[in-house]
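The residues making up each chain are set out below.
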Amino acid sequence: MRVLYFHQHFSTPKGATGIRSYQMAKRLIHHGHQVTMVCGSYGGGSTELTGLFVNGKRQGKVDGIDIIEFDLAYSNKDGFLKRFNTFIRFAAKSIGLAFTENYDVLFATTTPLTAGIPGIFARWFRKKPFVFEVRDLWPELPREMGVITNPVILQLMSFLEWLSYRSANRCIGLSPGIVDGIKKQGVKDESVTLVPNGCDLSIFSQDVEGYRPVGVETTDLMAIFAGTHGIANGLDAILNVAKELKKREINNVKIVLIGQGKLKPQLQSRAKAENLNNVIFHDPVNKETLVKFMKSADIGLQLLANVPAFYYGTSPNKFFDYISAGLPVLNNYPGWLADIIKEHECGYSIAPDNIVEFANALEHAANNKPGLLLMGENAYRLGKKEFSREELADRWVQWLEGVGET
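What you are looking at is a predicted structure, and each value in this text was computed from that prediction instead of being measured. (Residues numbered from 1 in each chain as written. Predicted model: local features only at pLDDT ≥ 70, side-chain atom pairs only at ≥ 80, totals over all residues. Heavy atoms only, no water.)

A.B. asks: Help me out: how do you make sense of the sheet that holds strand β11 (residues 279–282) in this one?
C.D. replies: The strands that make up a sheet are held in pairs by hydrogen bonds between backbone atoms, and each pair lies either parallel or antiparallel. Reading across the sheet, the six strands line up as β11-β10-β9-β12-β13-β14 and stay open at both edges, with parallel pairing between neighbours. Every other strand in the sheet has two partners, leaving β11 and β14 (347–349) as the edge strands with one partner each. Taking each pair of neighbouring strands and ignoring which way they run, the sheet shows an average axis angle of 20°. Sheet topology places strand β10 (residues 253–258) next to β11; four bridges connect them, and they run parallel. Across the sheet, the residue bridging to Ile-255 is Val-279, located in β11. Most of the contacts of helix α8 (residues 236–247) go to β10, to which it runs at about 160°, and overall it touches β10, β11 and β12 (299–302). Across the sheet, helix α10 (residues 287–296) is in contact with β9 (221–226), β10 and β11; its angle to β9 comes to roughly 145°. (Pairing = 2+ DSSP bridges. Helix = DSSP H or I, 4+ residues; strand = E, 2+ residues; numbered from the N terminus. Axes fitted to C-alpha atoms, helices over the stretch in contact; angles between N-to-C directions. Contact = heavy atoms within 4.5 Å.)

A.B. asks: Any chance you could explain the environment of Leu-163 here in plain terms?
C.D. replies: In this structure, Leu-163 sits in helix α5 (residues 151–167). Sequence separation between Leu-163 and Ile-120 is 43 residues, and the spatial gap between their C-alpha atoms is 7.6 Å.

A.B. asks: So what exactly am I meant to see when it comes to the pairing of β10 here?
C.D. replies: For a regular strand, side-chain orientation follows a simple rule: the groups alternate between the two sheet faces. Counting buried residues in β10 gives six out of six residues, a clear majority hidden from the surface. As paired elements, β9 and β10 share six bridges and run parallel to each other. If you follow Ala-223 over to β10, its bridge partner there is Ile-255. Note that the unit made of β9, α8 and β10 has a crossover that is right-handed. For the handedness criterion, the β-α-β arrangement of β10, helix α9 (residues 264–273) and β11 is classed as right-handed. (Buried < 20%, exposed > 50% of the residue type's maximum accessible area, 1.4 Å probe, protein only. Right-handed = clockwise from strand over helix to strand, strands pointing away.)

A.B. asks: Any chance you could explain the sheet that holds strand β7 (residues 170–173) here in plain terms?
C.D. replies: Sheet architecture is open: eight strands sit in the order β3-β4-β2-β1-β5-β6-β7-β8, paired in mixed fashion. Strands with a single pairing partner mark the edges of an open sheet, and in this sheet they are β3 (57–62) and β8 (192–194). Each strand axis lies, on average, 20° off the axis of its neighbour in the sheet, ignoring direction. Bridge count between strand β1 (residues 2–6) and strand β5 (residues 105–109): four bridges; the pairing is parallel. In the sheet register, Leu-4 faces β5, and the bridge partner there is Leu-106. Along the sheet, helix α6 (residues 176–184) makes contact with β6 (130–134), β7 and β8, crossing β8 at roughly 175°.

A.B. asks: Just to check I follow, could you spell out the side chain of Thr-86 for this structure?
C.D. replies: Locating Thr-86 in the fold gives a position in helix α2 (residues 80–100). A distance of 2.9 Å separates a polar atom in the side chain of Thr-86 from the backbone oxygen of Lys-82. Setting aside residues up to four positions removed in sequence, Thr-86 forms contacts with Gln-8, Leu-72, Ala-73 and Tyr-74. (Polar contact = N/O pair within 3.5 Å; in protein donor to acceptor, adjacent residues only side chain to side chain.)

A.B. asks: Help me out: how do you make sense of the state of the cysteines in this one?
C.D. replies: Joining two cysteines, a disulfide is a covalent bond between their sulfur atoms. Enumeration according to the criterion identifies zero disulfides in this entry. This cysteine, Cys-199, is not joined by any disulfide, and Cys-346 carries the nearest cysteine sulfur, 10 Å off. (Disulfide = S-S within 2.5 Å.)

A.B. asks: I tried to follow the nonpolar core on my own but got confused; where do I start?
C.D. replies: One recurring pattern in soluble globular proteins is that nonpolar side chains are buried together. In terms of nonpolar packing, the biggest core is built from 98 residues, with Ile-238, Leu-301, Ile-323, Leu-330, Phe-358, Leu-362 and Trp-396 touching the most fellow members. Residues contacting Ile-238, with those up to four places away along its chain left out, are Ile-255, Leu-257, Leu-301, Leu-303 and Phe-358. Ranked by size, the runner-up nonpolar core spans 35 residues in total, among them Ala-98, Tyr-165, Val-179 and Ile-182. (Core = buried A, V, L, I, M, F, W, Y, C linked by side-chain atoms within 4.5 Å.)

A.B. asks: Just checking my understanding: could you explain helix α15 (residues 369–386) for this structure?
C.D. replies: Owing to its 3.6 residues per turn, the α-helix aligns residues three or four sequence positions apart on the same side. Between its first and last C-alpha, α15 extends 26 Å over 18 residues, near the 26 Å set by a 1.5 Å rise per residue. Listed as buried for α15 are Gly-371, Leu-372, Met-375, Gly-376, Asn-378, Ala-379, Leu-382 and Gly-383. Around the axis of α15, the buried residues are gathered within 165° of arc, so they sit on the same side. Away from its buried face, by an angle of more than 90 degrees, α15 presents the exposed residues Pro-370, Leu-373, Arg-381, Lys-384 and Lys-385. (Expected span 1.5 Å × (residues − 1). Arc of directions from axis to C-beta.)

A.B. asks: How do you make sense of the packing of α8 against α9 when you look at a structure like this?
C.D. replies: Between two packed helices, the angle of one axis relative to the other and the distance separating the axes together describe the packing. Between α8 and α9, the shortest axis-to-axis distance is 11 Å and the interhelical angle comes to 10°. By the angle between their directions, the pair α8 and α9 is classed as roughly parallel. When α8 is examined against α9, the residues Asp-236, Leu-239 and Asn-240 are found in contact with a partner set consisting of Gln-266, Leu-267, Arg-270 and Ala-271. Of the residues belonging to the contact of α8 with α9, the class tally is three nonpolar, two polar and two charged. (Parallel < 35°, antiparallel > 145°, perpendicular 65-115°, else oblique. Nonpolar A, V, L, I, M, F, W, Y, C, P; charged D, E, K, R; others polar.)

A.B. asks: What exactly am I supposed to notice about the packing of aromatic side chains here?
C.D. replies: Any aromatic ring pair is given by two values, namely how distant the centres are and how the planes are angled relative to each other. A full pass over the atoms with the stated rule returns 15 aromatic pairs. Ring geometry for Phe-107 versus Trp-396: centroids 5.0 Å apart, planes at 75°, classification edge-to-face. Placement of the pair is Phe-107 in strand β5 and Trp-396 in helix α16 (residues 389–401), with a sequence separation of 289 residues. As far as the burial class goes, Phe-107 and Trp-396 line up, both buried. Three or more aromatic residues joined by ring pairs form one cluster here, namely Tyr-5, Phe-107 and Trp-396. Above the plane of the ring of Tyr-103 lies Lys-128, whose end atom (NZ or CZ) is 5.1 Å from the centre. Between the NZ or CZ atom of Arg-170 and the centre of the ring of Trp-399, over which it lies, the distance is 4.0 Å. (Phe/Tyr/Trp six-rings, centres within 6.5 Å; stacked < 30°, edge-to-face > 60°. Lys NZ or Arg CZ within 6 Å of the ring centre and 35° of its normal.)

Okay, here's the thing in structure tokens:
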């Protein structure tokens, strides 16, 4: 089976972002299929292609994956209009490939929502099977966050959402809420399946020497956040917690924020102005380096802004990276991940926007190192038993292989 795979923000492990698409493509190849990955140039990622762009694209083979990379740079720091323009240009170029490439199945994954556009054309104009994977519910999330308020744009996005779901032969949701959201658009139950993000156990369980940045002592509790510093993440909350810890004169808790994003300069300025020396900012790192941070960390921070659509409608990479590394997780919003943490006793789940409870949890963790180790063991056991990337990828591959039967 030849799969034409669209993921605008694709990256190999050499990049500093999620590698779900890389792992899924590798699993397709493992099962004897051929994969052509179509992507743009994501600021936090790496395709590992080094050749020059010719006529707006470059091609090559990396780890068995045929890659077509468009010369379309994208960064989380970009403004709305620039991002929108990049999304539309990627979709337009992708339509061309949907009409000209030789393939058996077209697979597209969000974000952005425009990722589904080549699949729509492939399904209705070339009669090719189309599988659509949804990582976030759009426009529900930006509407609730207040990021997009223009009613015309929201209406157009709602139409594109409906058309993408109804054009796809099969859909995949990364969380229970996403699956429910797809079904609410009229997609039959048997055409939708849940395949959440998974644990890259072979990467994060490596026996490597841990690394703590300058400012974090061996006796400190090192709480780590590895992800985007954007509106959705609500990282002002962690600065509020850092301020509360200083107020309590708790000096043995250090918070390490790894990543990039639109709000990072603003967060750094605030931390400096308020003398929050218990917060350490670090540039994005690739998976190999992130493993070293995780090995030395005591707890992982799963943080999001208090937006109800997030509760059951997201499947964050970082949560699965944390438990892959055997780290307990501190989660600051209700929902399916909070339920998992409580059920498996693998961390702390606190109420949103509750700075006192957040600080209490970190203070308790700092004074309860043996208990943290037990939580970490529970976390790793959970990841291995229920979220093994290999097993989830096999389920994902079977879903694609069966698309011709629907």
